[in-house]
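Here is how the chains run, residue by residue.
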Amino acid sequence: MVAWSDQERSIITSIFSNLDYNDVGPKALIRCLIVYPWTQRYFASFGNLYNADAIKTNPNIQAHGTKILHGLDRAVKNMDDIKTTYAELSVLHSEKLHVDPDNFKLLADCLTIVIAAKMGSGFTPEIQETFQKFLAVVVSALGKQYH
Amino acid sequence: MTSLTAKDKDTVKAFWGKISPKAGAIGADALGRMLVVYPQTKTYFSHWKDMSPGSGPVKKHGATVMAGVADAVAKIDDLTAGLLTLSELHAFKLRVDPANFKILAHNLLLVLAISFPNDFTPEVHVAMDKFLSALALALSEKYR
């Protein structure tokens, strides 16, 4: 079980309550697909991903970016047991989607960078530490049901 | 990993033009964050009186590190040869575990995103990430 201080909880809930999901979600996924192009392997059915411009304007990617970000909402609401909260999602990513769990960290890093860019100097080292801790727990939980 | 294309090098050099006036501050910010967010990296700086973000030693060292990165940008066509002395320093004297180069690179990219929210596009991000990986590889050349 992961321990969260009151300050950490408040940092996470604050970030997510001030988030523009339709902007940050797509931006993070787009950045991941461009910076780590091998991650495009999971989106063969999404249409044109041939170059950066195609990726940035692909409506399926836009929708999926928002969807992924909303997927984090349950972790925010259940910070004390993210592992159990995401057990089903982990099975989905392993058995159905066949996503290499190393890729979760790549998307997490892109999300961190997009949020840092949005918050600017407000994204202090302490906030960065808490946010990265949160994403590390999420990433670990998503990888838990891989066998 | 892959080597740098001509386009990567041009992107890095152009973006570096924007970075260089603030390079010291960017380096200090990245280093400060690294020491907070990845406390295991503090083990290399136990000789400093103050490891907190914004402290004297962190500012000074951030500038030192970025001077090294600037040098690497200038020698981007042959990083292995260009960074030979730095590699020997890191291998024989500093003995920094190469895993930490990735950690510092992540923090540098993050600070660049904060400092240049519009210019640090995904295309610039991938070129810089590739460059910092190539830099780290060149720095590890002399390790064994």
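Preceding this paragraph is the structure being described.
Residues numbered from 1 in each chain as written. Chains lettered and ligands numbered in written order. Predicted model: local features only at pLDDT ≥ 70, side-chain atom pairs only at ≥ 80, totals over all residues. Heavy atoms only, no water.

Digging into the interface of chain A and chain B
As a reminder, the rule being used: Any two residues whose heavy atoms approach within 4.5 Å at even a single point are treated as in contact. The term buried area means the drop in 1.4 Å probe accessible area that two parts suffer when joined, counted for both and summed. Salt bridges are defined by distance alone: a side-chain nitrogen of Lys or Arg within 4 Å of a carboxyl oxygen of Asp or Glu.
Contacts between the two partners involve 21 residues from chain A and, on the opposite side, 20 residues from chain B. Counting the surface lost from both chain A and chain B, the interface buries some 1,800 Å², and carbon and sulfur atoms represent 63% of this. At the boundary of chain A with chain B, the tally comes to one salt bridge. With a closest N to O distance of 2.8 Å, Glu123 of chain B and Lys56 of chain A form a salt bridge.

Here's the deal with the side chain of Thr112 of chain A
Our working rule: Helix and strand assignments follow DSSP, with helices taken as H or I runs no shorter than four residues and strands as E runs no shorter than two, numbered in order from the N terminus. Each residue gets one of three labels from its accessible area relative to the maximum for its type: buried under 20%, exposed over 50%, partly exposed in between, using a 1.4 Å probe on protein chains only. We call two N or O atoms a polar contact when they sit within 3.5 Å, provided that within protein one can donate a hydrogen and the other can accept it, with sequence-adjacent residues counted only if both atoms are side-chain atoms.
Here Thr112 of chain A is to be found in helix H8 (residues 102–119). By relative accessible area, which is 2% here, Thr112 of chain A ends up buried. Separated by 2.8 Å, the side chain of Thr112 of chain A and the backbone oxygen of Ala108 of chain A make a polar contact. When residues no more than four places from it in sequence are discounted, the contact partners of Thr112 of chain A are Phe123, Phe131, Gln132 and Leu135 of chain A together with Leu110 of chain B.

Some words on the environment of His70 of chain A
For His70 of chain A, the location among the structural elements is in helix H4 (residues 59–71). You can call His70 of chain A partly exposed: its relative accessible area is 38%.

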